[in-house]
Amino acid sequence: AGAIDIVTTAMRNHPHNALLQVAVCTLFMVWARANHPERRDMIRQAGGIEAVLQAMHGHRANIEVAAQALRAIVNLATQSEENKSRFGRQGAIA
């Protein structure tokens, strides 16, 4: 989970950098595709779910952040009850 930990930490350490937030949300979207359930778990365990949601909250007016964050959420939540539950606890999925 080395790369996942590094990019999740980068999101947390640079919350005002919209380009970084878009890039990492895009990575999470790609890494969490349906045929990679283990990656969805690794992203969750690294705090990626919270980082994606924080990116959305921190960049409410940035459509690029919102779009990539939503794509990441869809892929992270697909076929993962644990991730759906985590998003739900954070208020992202009803």
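Residues numbered from 1 in each chain as written. Predicted model: local features only at pLDDT ≥ 70, side-chain atom pairs only at ≥ 80, totals over all residues. Heavy atoms only, no water.

Draft legend 1. Region of interest: the packing of aromatic side chains. Scanning the model with the defined rule gives one aromatic pair in all. Judged by centre distance (6.4 Å) and plane angle (45°), the ring pair of F28 and W31 falls under tilted. Of the two residues, F28 and W31 are both situated in helix 2 (residues 18–31); the distance of three residues between them amounts to about one turn of the helix. (Phe/Tyr/Trp six-rings, centres within 6.5 Å; stacked < 30°, edge-to-face > 60°. Helix = DSSP H or I, 4+ residues; strand = E, 2+ residues; numbered from the N terminus.)

Draft legend 2. Region of interest: the packing of helix 4 (residues 48–58) against helix 6 (residues 81–89). Two elements in contact, helix 4 and helix 6, have axes separated by 10 Å at closest approach and are oriented at 40°. As the angle between them shows, helix 4 and helix 6 are arranged oblique. The handedness of the crossing between helix 4 and helix 6 comes out as right-handed. Of the residues in helix 6, those in contact with I49, E50 and L53 of helix 4 are N83, R86 and F87. For the contact of helix 4 with helix 6, a count of residues per class yields three nonpolar, one polar and two charged. (Axes fitted to C-alpha atoms, helices over the stretch in contact; angles between N-to-C directions. Parallel < 35°, antiparallel > 145°, perpendicular 65-115°, else oblique. Left-handed = near helix turned anticlockwise from the far one by under 90°. Contact = heavy atoms within 4.5 Å. Nonpolar A, V, L, I, M, F, W, Y, C, P; charged D, E, K, R; others polar.)

Draft legend 3. Structural view of the pattern of salt bridges. Applying the stated criterion across every chain yields a total of four salt bridges. Between K84 and E81 there is a salt bridge, with its nearest N and O atoms 3.4 Å apart. Of this pair, K84 and E81 are both found in helix 6, three residues apart, which corresponds to roughly one turn of the helix. A residue is classified by how much of its surface remains accessible, and E81, at 59% relative accessible area, is exposed. (Salt bridge = Lys/Arg side-chain N within 4 Å of Asp/Glu carboxyl O. Buried < 20%, exposed > 50% of the residue type's maximum accessible area, 1.4 Å probe, protein only.)

Draft legend 4. Molecular detail of the nonpolar core. Within the largest apolar cluster, 25 residues are counted, with the highest numbers of intra-cluster contacts made by M11, F28, I43, V52 and F87. Breaking this core down by element, the ones donating at least two residues are helix 1 (2–13), helix 2, helix 4 and helix 5 (63–77). Ranked by the residues each element gives to this core, the list is headed by helix 2, at seven residues. For V52, the residues in contact, after removing those within four places along its chain, are M11, C25, F28, A69, A72 and I73. (Core = buried A, V, L, I, M, F, W, Y, C linked by side-chain atoms within 4.5 Å.)

Draft legend 5. Representation of helix 2. Taking 1.5 Å of rise per residue, 14 residues should cover 20 Å, and helix 2 covers 20 Å from first to last C-alpha, within 8% of that figure. Here helix 2 has its buried residues at A18, Q21, V22, V24, C25, F28, M29 and W31. Sitting at the head of helix 2, N17 places a side-chain oxygen 3.2 Å from the backbone nitrogen of L19. (Expected span 1.5 Å × (residues − 1). Polar contact = N/O pair within 3.5 Å; in protein donor to acceptor, adjacent residues only side chain to side chain.)

Draft legend 6. Structural detail: the environment of A32. Positionally, A32 belongs in the loop between helix 2 and helix 3 (37–45). Note: C-alpha distance between A32 and N17 (15 residues apart in sequence) is 22 Å. Each residue touching A32, except ones within four places of it in the same chain, is listed here: R40, I43, N75 and L76.

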